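# What the coordinates show
So the chains spell out like this:
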Amino acid sequence: FVAGACALHRELHDYVAWREESDPSQTINLSLHIGVGCGTLTTLHLGGHHGRWHYVLAGEPVRQATMGEPLAKSGETAISPEAWELISDIARGDLVVEDAANRESTAPELHQTSEFRLLSAVEPTYVTQLQPTSRVSQRLVNLSPDLLPLLRRYVPISVAPKLQEGYDRDVDLSEMRAVSVMFINLEGVDLAADRDGDTAAALLSGQAVVLRVQEEVHRMEGQVNKMLVDDKGTVMLCAFGLPPRPHSDDPFRAVSTAMALAEQLSGTEVGSPTSYGRVSSRENTPVVRLSEPEEPMARACIGVGSGRAFCGVVGSQERREFTVMGDVVNVAARLMGHASKPDAPYRVLVDEQTQVQSQGRFAFKALKPVKLKGKAQALPLAAPLKEIEPVKIGTTIGKQGRDYEHRQLHAMVAELLVYHGGGLILLLGTRGSGKNALAKALGDFGAKGQFLVLKSAFHAEKAHKNRKASTTVASNPSSAKESTSMSTETSRRSVESRKSLESPGIATANEKEGVAVPPALGFLAWREVLEQLLRKLVGAQPGSTGSEILQDVLAAEEALASVGSSQVKEKELIQKFGLKKYAWMMTELVPHCEQSLRLPEVPAAHARDELTQPEHGKLIQAMIVGLLRHASKTRRVMVLIQLVTGTSRDQDVDVWSWRTALDVVHECTARTLQQVVLCLVTRPINQLQEKWRESAAHETESIFAELTAEAERTSSYLKLMPLSVKSRERYVLQVLRERYDYTGELESIPRSLLDFLGERAGGNPKYIEEVLDALIKADVLQLELDDQGDQGGVMVVQDVSAEALRAVPTPAKMRATVLQQFDTLQPQLQRVLKTVSPLDAFSEAMLSDMGLP
């Protein structure tokens, strides 16, 4: 290891990383300072959430090396006492003289530096005897196909699809992009084996913490990039904005995740000066004892920074890693170190850029600027105190230029009822395409046509936030007497994740073991529909309770199943278990209606033990179909459900919502459920996400494909395309009139503006609104009265040059959405777009001649 340190200094000290071509004297030189330790190394494989694992090194060698590295200056190597004892006969070195008061690190061990030595020389004859190992054999690339699924668990989703398609050049895997970086210092997490070499305690505490971090980061669609042990302790690096999931509000997502983790891991509230969590200790070494649920997992100290960074692969062909590098990464790390100081008043700190971009979503406390290592000037920083619910201003204007599509939907409803007795309408559109406005207009049309209209305005992020909040309450022993402890729940999920390494698949560990876990079932997109339906049924039968109506409906379904009626899909399951005694399942889905509708009381947990999770879900599906069948006997029913909303990719609805939608469609197709029109409103399903994981089951994609085929069969499939030129111009006029009090006509709008909006917004109604808003806010676009000529007193839009229009930055949300759509393209298409985008013009023949795929 000493010879290796010498070789690194020899090859990389004062390394020229950049040289100005016009002036070779202008260079950027890099140098190294190295710490060396030795001892028993602990290696752990931690994680497992969504199949993503991390390989971590810990133990005495890491502790010693991270203690020594800060003691060495540029070009120096600091050797730990343990390592020096092994090499003292072939090396020379002097004891470190260090002024502890000037050290930046907060670790108390780092002040104990008296026995570290700075290497000055190594016996030359010994070094010349050592031969560097040969490069890794290329045959290792040709691994057994059986091993590939295991290796892919350690490959980030940002590059895995491209590697799968054979794109492994650095230029294909690397780029500069805007990201928010989060560094987490997990104080109290000891990943080293004990003195006997037992890693059980380290594995338990490490796995629990990593799983919690993975879940919370994944919930906000970020990525855990790496986990390591250094002089600051156990550290995790996370990033928001990496492909394939960039967002316009990534700074907000990073801050929200940081606050949630600081509270969940430490068990204390964030938003007031630090209240440190308690950790137990063993021989003065802080550890987390998860067997005691009242104690926290860790004391999390977090730094968040936002800006542009290099996001890509570094290393050689033999050993590479995907990482983020740049000033914003360094700032986030320094902020984490600042938050980790014993006297730090706040455990979550953010830089100025993050604060500005999260303004209006969080209340911040501005702190005194601090001088960070590597920065000439003191940097402003802030501490987030609490999240602020944003004020939503309605932006939907009419049908968003979709009058033609609105008429199409009317015709689809009529044709489904006349020719098919009901069925599915599938409305597909990207963000801002106008699908929400069409769904609202369709609901209004149904109400006027005397339909029983049931609408589910499902909002994925709110649903997941509510689920997270309920999980936090349930995992905090002090908040509820009967709640399960966080440590017990996390330990269970740790075991499940380790099992999933050997047995990947769509079913969870609980599902495989036949244990019913109702909260995991979801049916999130159907809950609002169920509440409305139950209220309508109770309201239509005065004097009857919800429990009585449910019993009548389920009794009718049981009767159909008992005679083997083809109207009941799950007749075998219903014959085995029945439905009436499980009426309380409806109460579970709409618990806040239990008292007002007098629904059945939910029994104790042991009452559900006889059902597996799939059986539990299928019985709920049968009840939903039964309720719709009962309602459709007296009037036509229209169900409007948005299965996917917004630009989030992993905050979609649960698979049981998709399964239920398909089940209802099957019933309509078989004519066992009539006079029911189900309208599903969704954005395109991401076919690329997780595709590289060969073991993953893509049930959602399969269901979506089947729904699409059925909608196409009945001519009730509507995919929203960009507005036509005439439609987009009419919509520009409508937006100007309704939002900015414009009173003029279309002819008074400059052609340069209309052409620019067509170029920048691409016929997307939402983009038209956002670009117009950006132009107004930038004072580039102005409305004024024309008091001269034939149009005196009429409002006109001031003419603006194309150059001035193009100088206004693209709105952040629009930019993030387009980037997200780009990230979900197949790798070969991404390469084509990157290649041809700088060209003035290109054709298919040109692409073929260039040899592009």
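Quick note: structure is the one above.
For clarity, every value in this text was computed on a predicted model and none was experimentally measured. (Residues numbered from 1 in each chain as written. Predicted model: local features only at pLDDT ≥ 70, side-chain atom pairs only at ≥ 80, totals over all residues. Heavy atoms only, no water.)

### Quick look at the overall build of the protein
- Check the secondary structure of the protein and you find 31 helices and 25 strands.
- Entry remark: accessible area of the protein is about 41,100 Å², with carbon and sulfur atoms responsible for 52%. (Helix = DSSP H or I, 4+ residues; strand = E, 2+ residues; numbered from the N terminus. Areas by Shrake-Rupley, 256 points an atom, 1.4 Å probe, with all protein chains shown as cover.)

### Quick look at the sheet that holds strand E22 (residues 676-682)
- One open sheet holds the five strands; their spatial order is E20-E21-E22-E19-E23, and the pairing between them is parallel. Every interior strand has two partners, whereas the edge strands, strand E20 (452-456) and strand E23 (717-719), have only one. Direction aside, the axes of adjacent strands within the sheet are offset by 10° on average.
- Looking at chain direction, strand E19 (residues 422-428) and E22 are connected through seven bridges and run parallel. Opposite Gly423, over in E22, you have Val677 as the bridge partner.
- The strands that helix H13 (residues 435-448) touches are E19, E20, strand E21 (637-642) and E22; relative to E21, the one it contacts most, it runs at about 165°.
- Packing against the sheet, helix H22 (residues 613-631) makes contact with E20, E21 and E22, and its axis sits at approximately 145° to E21. (Pairing = 2+ DSSP bridges. Axes fitted to C-alpha atoms, helices over the stretch in contact; angles between N-to-C directions. Contact = heavy atoms within 4.5 Å.)

### Section: the nonpolar core
- Core analysis: the largest hydrophobic core is formed by 62 residues, its most contacted members being Trp526, Leu628 and Leu678.
- It is H22 that provides the largest number of residues to this core, a total of nine residues.
- Setting aside chain neighbours within four positions, we find Leu628 in contact with Leu454, Trp526, Leu533, Val637, Val639, Val664, Leu673 and Val676.
- Formed by 39 residues, the second largest nonpolar core is a distinct cluster that contains Leu46, Ala202, Ala258 and Met297. (Core = buried A, V, L, I, M, F, W, Y, C linked by side-chain atoms within 4.5 Å. Buried < 20%, exposed > 50% of the residue type's maximum accessible area, 1.4 Å probe, protein only.)

### Considerations on the side chain of Gln830
- Position of Gln830 among the secondary structure elements: in helix H30 (residues 827-836).
- By relative accessible area, Gln830 is classed as buried at 5%.
- A polar atom in the side chain of Gln830 sits 3.3 Å from the side chain of Lys162.
- Within the structure, the side chain of Gln830 is placed 3.2 Å from the backbone oxygen of Phe822, a separation counted as a polar contact.
- Excluding anything up to four places from it in sequence, Gln830 contacts Lys162, Phe822, Asp823, Thr824 and Leu825. (Polar contact = N/O pair within 3.5 Å; in protein donor to acceptor, adjacent residues only side chain to side chain.)

### What to know about the pairing of strand E9 (residues 175-187)
- As paired elements, E9 and strand E14 (residues 299-315) share 13 bridges and run antiparallel to each other. Across the sheet, the residue bridging to Asn185 is Cys301, located in E14.
- Pairing of E9 with strand E11 (residues 233-240) involves six bridges; the strand directions are antiparallel. Paired with Ser180 across the strands is Phe240, a residue of E11.

### Here's the deal with helix H24 (residues 699-713)
- Taking 1.5 Å of rise per residue, 15 residues should cover 21 Å, and H24 covers 21 Å from first to last C-alpha, within 8% of that figure.
- Among all positions of H24, only Glu701, Ile703, Phe704, Leu707, Thr708, Glu710 and Ala711 are buried.
- Ser715 occupies a position one or two residues after H24 and carries a positive phi of about 55°. (Expected span 1.5 Å × (residues − 1).)

### Examining the pattern of salt bridges
- Summed over the entire model, instances satisfying the criterion amount to 25 salt bridges.
- Arg713 is paired through a salt bridge with Glu710; the nearest N and O atoms lie 2.8 Å apart. A residue pair is termed a helical-turn pair when its members lie 3 or 4 positions apart in one helix, as Arg713 and Glu710 do in helix H24 at three residues.
- Since its relative accessible area comes to 15%, Glu710 is described here as buried.
- Where Glu769 meets Arg739, a salt bridge forms, and the shortest distance between an N and an O atom there is 3.3 Å. Of this pair, Glu769 sits in helix H27 (residues 765-777) while Arg739 is found in helix H25 (residues 725-740), placing the two residues 30 residues apart along the sequence.
- A cluster of three or more residues bridged by salt bridges with shared partners is formed by Glu175, Arg177 and Asp823. (Salt bridge = Lys/Arg side-chain N within 4 Å of Asp/Glu carboxyl O.)

### A word on a nonpolar patch on the surface
- Residues Leu8, Leu12, Tyr15, Trp18, Ile28 and Leu30 make up a contiguous nonpolar surface patch of about 550 Å² in total accessible area.
- The set of elements that each furnish at least two residues to the nonpolar patch consists of helix H1 (2-12), strand E1 (15-19) and strand E2 (27-30).
- Note on placement: Leu8 falls in helix H1.
- With a relative accessible area of 40%, Leu8 lands in the partly exposed category. (Patch = residues over 30% accessible without salt bridge, like charges linked within 9 Å, V, L, I, M, F, W, Y side chains within 5 Å.)

### A look at unusual backbone geometry
- The step from Pro243 to Pro244 runs through a cis peptide bond, and the omega angle for that step is 5°.
- The phi torsion at Asp741 lies on the positive side, around 60°, for a residue other than glycine.
- Following the sequence through the fold, Asp741 ends up in the loop between H25 and helix H26 (751-761).
- Its relative accessible area of 57% is what places Asp741 among the exposed residues.

### A short note on helix H29 (residues 812-823)
- An ideal rise of 1.5 Å per residue puts 16 Å on twelve residues; H29 measures up with 16 Å between its terminal C-alpha atoms.
- Along H29, the positions that sit buried rather than exposed are Met814, Ala816, Thr817, Gln820, Phe822 and Asp823.
- Those residues of H29 that are buried lie in contact with E9, H26, H27 and H30.

### Regarding the pairing of strand E5 (residues 53-59)
- Burial runs high along E5: five of the seven residues are buried.
- Note that strand E4 (residues 41-47) and E5 share seven bridges and pair antiparallel. By the bridge assignment for E5, Thr43 is matched with Leu57.
- Taking the residues that link successive antiparallel strands as the turn, the E4-E5 hairpin has five residues, and the phi of Gly48 there is positive, at about 115°.

### Considerations on the packing of helix H18 (residues 546-562) against H22
- Viewed as axis vectors pointing N to C, H18 and H22 meet at an angle of 105°, and their least axial separation amounts to 9 Å. Our classification of the angle between H18 and H22 gives roughly perpendicular. Here Leu550, Val553, Leu554, Glu557 and Leu560 of H18 come into contact with H22, specifically with Ala622, Met623, Gly626, Leu627, Arg629 and His630.
- Residue composition of the contact of H18 with H22, by class: seven nonpolar, two polar and two charged. (Parallel < 35°, antiparallel > 145°, perpendicular 65-115°, else oblique. Nonpolar A, V, L, I, M, F, W, Y, C, P; charged D, E, K, R; others polar.)

### With respect to the sheet that holds strand E7 (residues 91-95)
- With mixed pairing, the four strands of this open sheet are ordered in space as E3-E6-E8-E7. The open sheet has two edge strands with one neighbour each: strand E3 (34-36) and E7. Taken pair by pair, the neighbouring strands of this sheet meet at an average axis angle of 40°, ignoring direction.
- Direction of pairing for E7 relative to strand E8 (residues 117-122): antiparallel, over a ladder of five bridges. Each bridged residue has a counterpart across the sheet, and for Ala91 the counterpart in E8 is Val122.

### Topic: the side chain of Lys435
- When you line up the elements, Lys435 lands in helix H13.
- Given the relative accessible area of 9%, Lys435 is considered buried.
- Within polar-contact distance, the side chain of Lys435 engages the backbone oxygen of Gly429 at 3.3 Å.
- Among the polar contacts made by the side chain of Lys435, one reaches the main-chain carbonyl oxygen of Thr430 at a distance of 3.1 Å.

### A closer look at the environment of Arg347
- By the element assignment, Arg347 lies in the loop between helix H10 (327-339) and strand E16 (348-351).
- Classification of Arg347 by relative accessible area gives buried; the value is 4%.
- As for Arg347 and Ile302, which are separated by 45 residues in sequence, their C-alpha atoms are 6.1 Å apart.
- A polar side-chain atom of Arg347 sits 3.2 Å from the main-chain carbonyl oxygen of Ala262.

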